[in-house]
Amino acid sequence: MSVNHKVTNINVWLMETKVKGNFADSTRNVETIGFVVVDVETDQGLHGIGVTYHEVGGEAIREFIKLAIVPKLAGRNPMETEALYEENFHYMRGVGRKGLAFCAYSAVDIALWDLKGKILGLPLYRLLGGNNNKVPIYASGGWTSYTTEELVSEAKDMVSRGYDKIKVKVGVDGGRNLNEDLRRIQAVRDAVGPDISIMLDANNVWQAGTAVQFANRVKECDIMLFEEPVFADDIPGLARFKQGTDIPLATGEHEYTRYGFRDLVLAGAADILQADVTRCGGYTELLKILGISQAWNLGFAPHGMEHMHMHIAAAAPNALFLERLLMFEEVVDSVYLNAPQPKNGFLEIPDKPGLGLELNMDNIRENAL
Ligand SMILES: [Mg+2]
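In this report, we go over the structure that sits alongside the text.

Criteria and thresholds
- Residues numbered from 1 in each chain as written.
- Predicted model: local features only at pLDDT ≥ 70, side-chain atom pairs only at ≥ 80, totals over all residues.
- Heavy atoms only, no water.
- Helix = DSSP H or I, 4+ residues; strand = E, 2+ residues; numbered from the N terminus.
- Rg over C-alpha atoms; globule rule 2.2 N^0.38 Å.
- Buried < 20%, exposed > 50% of the residue type's maximum accessible area, 1.4 Å probe, protein only.
- Contact = heavy atoms within 4.5 Å.
- Areas by Shrake-Rupley, 256 points an atom, 1.4 Å probe, with all protein chains shown as cover.
- Lys, Arg positive; Asp, Glu negative; His and termini not counted.
- Charge placed at Lys NZ, Arg CZ, Asp CG, Glu CD.
- Phe/Tyr/Trp six-rings, centres within 6.5 Å; stacked < 30°, edge-to-face > 60°.
- Lys NZ or Arg CZ within 6 Å of the ring centre and 35° of its normal.
- Core = buried A, V, L, I, M, F, W, Y, C linked by side-chain atoms within 4.5 Å.
- Domains from an automatic or database assignment.
- Donors = N, O, S within 2.8 Å, 3.2 Å for Na, K, Ca; no water.
- Polar contact = N/O pair within 3.5 Å; in protein donor to acceptor, adjacent residues only side chain to side chain.
- Pairing = 2+ DSSP bridges.
- Axes fitted to C-alpha atoms, helices over the stretch in contact; angles between N-to-C directions.
- Expected span 1.5 Å × (residues − 1).

This part covers the overall build of the chain. Each helix and strand counted, the chain has 16 helices and 14 strands in total. Whereas a compact globule of 369 residues would reach a radius of gyration of roughly 21 Å, the chain reaches 20 Å, a difference of no more than 12%. Expressed as lengths along the three principal axes of its C-alpha atoms, the size of the chain is roughly 60 × 40 × 40 Å. The buried share of the chain, taken over its 369 residues, is 59%. Considering only intrachain contacts with a sequence separation of at least 6, the fraction spanning at least 24 residues in the chain is 71%. With the model as given, the accessible surface of the chain reaches about 14,500 Å², and the carbon-plus-sulfur share is 48%. Computed over 36 positive and 49 negative side-chain charges, the separation of the two mean positions in the chain equals 3 Å.

As structure tokens, then:
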């Protein structure tokens, strides 16, 4: 097969479900979970797939891909990811260096990387230079809308499913009840015992002073990392937090492009970068963000979307682990056919070219919006 493929066709589907149940964190209610799914086809019959995640704006992402990006890719060689990224970045820069337009381009770029692996006959982690196909993964949930009993029960369930690292939310009552947060996390620690790593996610809720105060109280529960203690754009506040506590600071799920991560790092505002390939600019941009994390000797722990991130987490020497959001399990199963499932705290990457994933096209055709 020649490496000179041309893009002939791009399909886009919106898959969404209304969230059943009670999922709120310190700053928002999760009402909808949605994936926009892209399939890029070449003149030699290969298909590359990419996905981006949203809670709101799925229709806009779908239409942006169809109307703005598809015409720019028609007839182009999918191997030219840098050239295509550069052209599209400047084409859409007035509306798209962050936000929905960038989520849209990220999904398309991921599909191009899937194609690159398929054209070269290599799993993406091998194309990226890795040699290990088993990646540690942690379970993520523990919403602030849960009662303490529900929180403890979910934490125990995570451990019984083989996870030795778990993440739960803090910031109950909109962040105004630190004593209750402390009691809840102590209850989780008591329930799971000393050998399970616990991470906390405050989802942007506090000002830096309060976040530092809480971190210094909760550290007796042996916390592995603290995520988004203050608003994601409050870079000085993140830096203040990092100076004020010895719990490692993780952030980056709301950041876009190398430029956003450069500013976080230059300000001393993170210990662990949590970029999301489905938002930050696809693999083309994620590799640059990874380079920034390595130049500053920081940890790299991508946000959610474990099937989109498994290859980079396998290949990057400073990658810590993947995140599995338990709330996503149903939509993940509805979008992919036989996607790998975590076992004993590890995700094993399929030995197939590209991402190694297959879309559940029967379900997508039937249920896409
Ligand atoms: Mg988070």
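Let us now look at the packing of aromatic side chains. In this structure the tally under the stated criterion is 15 aromatic pairs. Judged by centre distance (5.9 Å) and plane angle (15 degrees), the ring pair of Tyr 85 and Phe 89 falls under stacked. With Tyr 85 and Phe 89 both in helix H2 (residues 81-91) and 4 residues apart, this pair spans about one turn of that helix. The pair formed by Tyr 85 and Phe 89 is uniform in burial state, with each residue classed as buried. Following the ring pairs from residue to residue traces out a cluster consisting of Tyr 85, Phe 89, Phe 102, Tyr 105 and Tyr 256. The aromatic ring of Trp 113 is capped on one face by Lys 116, whose charged end is 3.7 Å from the ring centroid. Over the aromatic face of Phe 346 sits the side chain of Lys 134, whose NZ or CZ is 5.2 Å from the ring centroid.

This part is about the nonpolar core. Membership of the largest hydrophobic core comes to 95 residues, with the highest contact counts inside it found for Phe 35, Leu 200, Val 218, Phe 226 and Phe 328. Examining the composition of this core, we find that 6 residues originate from one element, helix H9 (residues 208-218), more than from any other. Shared between two domains, this core holds at least three residues of each, these being domain 1 (7-121 + 361-367) and domain 2 (126-359). Among the nonpolar cores identified, the runner-up in size contains 28 residues, and Ile 69, Leu 84, Phe 102 and Ala 104 belong to it.

Summarising the metal site, the magnesium ion is bound by the protein donors Asp 201 (OD), Glu 227 (OE) and Glu 253 (OE), whose distances to it range over 2.0 to 2.2 Å. Binding-site remark: the magnesium ion is held by donors from one chain whose sequence spacing is D-x25-E-x25-E. Of this pair, Glu 227 sits in strand S7 (residues 223-227) while Glu 253 sits in the loop between strand S8 (249-251) and helix H11 (257-266), and the two are 26 residues apart along the sequence. A relative accessible area of 1% means that Glu 227 is categorised as buried.

Before going further, it helps to spend a moment on the side chain of Thr 81. Mapped onto the elements, Thr 81 comes out in helix H2. A distance of 2.7 Å separates polar atoms of two side chains, one belonging to Thr 81 and the other to Lys 116. With sequence-adjacent residues up to four places away left out, Thr 81 is seen in contact with Asp 109, Leu 112, Trp 113, Lys 116 and Thr 284.

With that out of the way, let us pick up the environment of Gly 34. Along the chain, the position of Gly 34 falls in strand S2 (residues 32-42). For the pair formed by Gly 34 and Arg 184, sequence separation is 150 residues and the distance between their alpha carbons is 30 Å. Setting aside its immediate chain neighbours within four residues, Gly 34 contacts Met 15, Glu 16, Thr 52, Tyr 53 and His 54.

So, about the pairing of strand S4 (residues 134-140). Across the 7 residues that make up S4, a large majority, 5, are buried. Here S4 pairs with strand S13 (residues 346-348) via 3 bridges, running antiparallel. Within S13, the position partnered with Pro 136 by the bridge is Phe 346. Bridge count between S4 and strand S11 (residues 322-325): 4 bridges; the pairing is parallel. For Ser 140, the partnering residue across the bridge sits in S11 and is Leu 325. Inspection of the sheet shows S4 paired to strand S5 (residues 165-169) by 2 bridges, in the parallel sense. Its bridge partner being in S5, Ser 140 is matched across the sheet by Lys 167.

Strand order in the open sheet made by the 3 strands is S1-S2-S3, with antiparallel pairing throughout. The two strands at the open ends of the sheet, each matched to only one other strand, are strand S1 (7-18) and strand S3 (47-54). The sheet shows a mean angle of 15 degrees between the axes of neighbouring strands, taken without regard to direction. Bridging between S1 and S2 involves 11 bridges; their strand directions are antiparallel. Bridging across to S2, Thr 17 finds its partner in Ile 33.

Right, let's get into helix H13 (residues 282-295). For H13, with 14 residues, the first-to-last C-alpha span of 20 Å sits near the 20 Å given by 1.5 Å per residue. Regarding H13, the residues found buried are Gly 282, Tyr 283, Thr 284, Glu 285, Leu 286, Ile 289, Leu 290, Ile 292 and Ser 293.

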